Amino acid sequence: MKEVTMDRQIQHKDNMRVPEPTLRRLPWYLSNVKLLKQRGERYVSSTQISKEINVDASQIAKDLSYVNISGRTRVGYEVDTLIAVLEHFLGFTDIHKAFLFGVGSLGGALLQDSGLKHFGLEIVAAFDVNPALVGTSLNGIPIFHSDEFAKKMQEYDVHIGVLTVPIEIAQCITDVMVAGGIKAVWNFTPFRIRVPENIVVQNTSLYAHLAVMFNRLNFNEIK
């Protein structure tokens, strides 16, 4: 069993290999360009974006070279076109349906985050074993017993699983998801799950990010 993570270079649908750091930066550019549009800007250059988000202009230009768009000399990119192209390139214009596993505090918060749909992710159902939750709904999303997962996979067109369960059952639930047909796992647990090579895993551990922040904060304080 081997984990396929976003740490590798991504094979884009146009057969262009896109490095993960570039994929992580492109949403920053998109958000910044949307802000510039709100300010009334019609064109934006790599230099303008650089000043706003503190990323070197040459790096921005290189990142945008992976996107099917070209700017005008001394003018830059047309704002509306750049926004549309970036949203399409990043997959935000398509709706990707997902199941969520584990309706605890974090899972519940994700169910209530309607903003996810604006970025192409729609959680259509959740699973838990808590009798107080099973049979209810949160933000209009039904919560089923975990035993119903296989049945619900036949009813919904879902390929993504969002994992927010306790770490002691993270691997077990992952195995169930993969066996049931889930092709990608968004893992919010600090447990490094193991999956077959054809399964995509995106690890988003809040605790790991906290550890980095605390470490850097302490380092700055003792300098």
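Residues numbered from 1 in each chain as written. Predicted model: local features only at pLDDT ≥ 70, side-chain atom pairs only at ≥ 80, totals over all residues. Heavy atoms only, no water.

**Looking at the nonpolar core**
Leu-26, Tyr-29, Val-44, Leu-64, Leu-82, Leu-86 and Phe-89 are the most contacted members of the largest nonpolar core, which totals 24 residues. Looking at this core, the elements that each hand over two or more residues are α1 (20–38), α3 (57–64) and α4 (79–90). Looking at this core, the element that brings in the most residues is α4, giving seven residues. Residues Ala-125, Phe-149, Ile-182 and Ile-193 belong to the second largest nonpolar core, which totals 20 residues. (Core = buried A, V, L, I, M, F, W, Y, C linked by side-chain atoms within 4.5 Å. Buried < 20%, exposed > 50% of the residue type's maximum accessible area, 1.4 Å probe, protein only. Helix = DSSP H or I, 4+ residues; strand = E, 2+ residues; numbered from the N terminus.)

**Observations regarding the confidence of the model for the chain**
Looking at the chain as a whole, its pLDDT mean stands at 89, while 92% of the residues score no less than 70. Across residues 1–13 the pLDDT falls below 50, and counting only partners more than four positions away or on other chains, this stretch makes 42 contacts in the model. (pLDDT = per-residue confidence, 0-100. Contact = heavy atoms within 4.5 Å.)

**Considering the side chain of Thr-174**
Relative to the helices and strands, Thr-174 resides in helix α7 (residues 170–180). Thr-174 has contacts with Leu-163, Ile-193, Arg-194 and Val-195, leaving out every residue within four places of it along the chain.

**Some words on the UniProt feature "DNA-binding region" (unreviewed entry) in the chain**
The positions that UniProt labels "DNA-binding region" (unreviewed entry) are, in the present scheme, residues 28–67. Between the first and last C-alpha atoms of residues 28–67 the distance is 14 Å; the span itself is 68% helix and 5% strand. (UniProt positions renumbered as here; feature names shortened; annotations may be inferred.)

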